[in-house]
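# Descriptive analysis of the structure
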Amino acid sequence: MAFKIDENGNITLIQGDSGTLYINGLNTDKNYIIYLAIQDKNRQPVGSELYVNSNKASSVVFELTGEYTDLMTVPKNETFETYYYGIKQCSDDGLENTLLIGNSEIGYQNTITVFPKKVEGT
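Residues numbered from 1 in each chain as written. Predicted model: local features only at pLDDT ≥ 70, side-chain atom pairs only at ≥ 80, totals over all residues. Heavy atoms only, no water.

Counting its secondary structure elements, the protein contains one helix and nine strands. Since a compact globule built from 122 residues should have a radius of gyration of about 14 Å, the 15 Å found for the protein is in line with a globular shape. Each of the three principal axes of the protein carries a C-alpha extent, and together these read 45 × 35 × 25 Å. Considering only contacts within the protein whose residues lie at least 6 apart along the sequence, 68% involve residues at least 24 apart. Carbon and sulfur atoms form 47% of the exposed surface of the protein, whose accessible area is close to 7,800 Å². Averaged over its 9 positive side-chain charges, the protein has a centre that lies 3 Å from the centre of its 16 negative ones. (Helix = DSSP H or I, 4+ residues; strand = E, 2+ residues; numbered from the N terminus. Rg over C-alpha atoms; globule rule 2.2 N^0.38 Å. Contact = heavy atoms within 4.5 Å. Areas by Shrake-Rupley, 256 points an atom, 1.4 Å probe, with all protein chains shown as cover. Lys, Arg positive; Asp, Glu negative; His and termini not counted. Charge placed at Lys NZ, Arg CZ, Asp CG, Glu CD.)

And the structure:
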């Protein structure tokens, strides 16, 4: 398993590793577009927002590639770096809802703790 996710939806990973993020409990009344955005500590976007169509399913899957997680860098003098992420559910009729992940509440920032690469690989 490349990612560890706790009960509050916080993710721990190694920079450059790929992994899967499951988003469950979605509304099934219509087809939604589910967006994933990652930001650094200065609220600057990391890479492009990812999105998937729900197709009226109660869950979706985001496949984060090693190339994508490689964008989350760890300064050489640091043991790890913290990033933040959010998930939004949008419909064609203009409905937009930021989802609460895990046991989090409004105002809580879901984190991605990134540790530096140990090996480059292919």
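This is not the end of the story, as more comes after the structure.
Time to look at the nonpolar core. Counting residues in each nonpolar core, the largest one holds 23 residues, and the members touching the most others are I23, I38, F62, M72, Y85, I87 and I112. With residues near it in sequence (within four places) discarded, M72 still touches L13, Q15, I38, V46, Y83, I112 and V114. (Core = buried A, V, L, I, M, F, W, Y, C linked by side-chain atoms within 4.5 Å. Buried < 20%, exposed > 50% of the residue type's maximum accessible area, 1.4 Å probe, protein only.)

For T111, the location among the structural elements is in strand β9 (residues 110-115). Sequence-distant contacts of T111, defined by excluding residues within four places in its chain, comprise G9, N10, I11, T82, Y83, Y84 and Y85.

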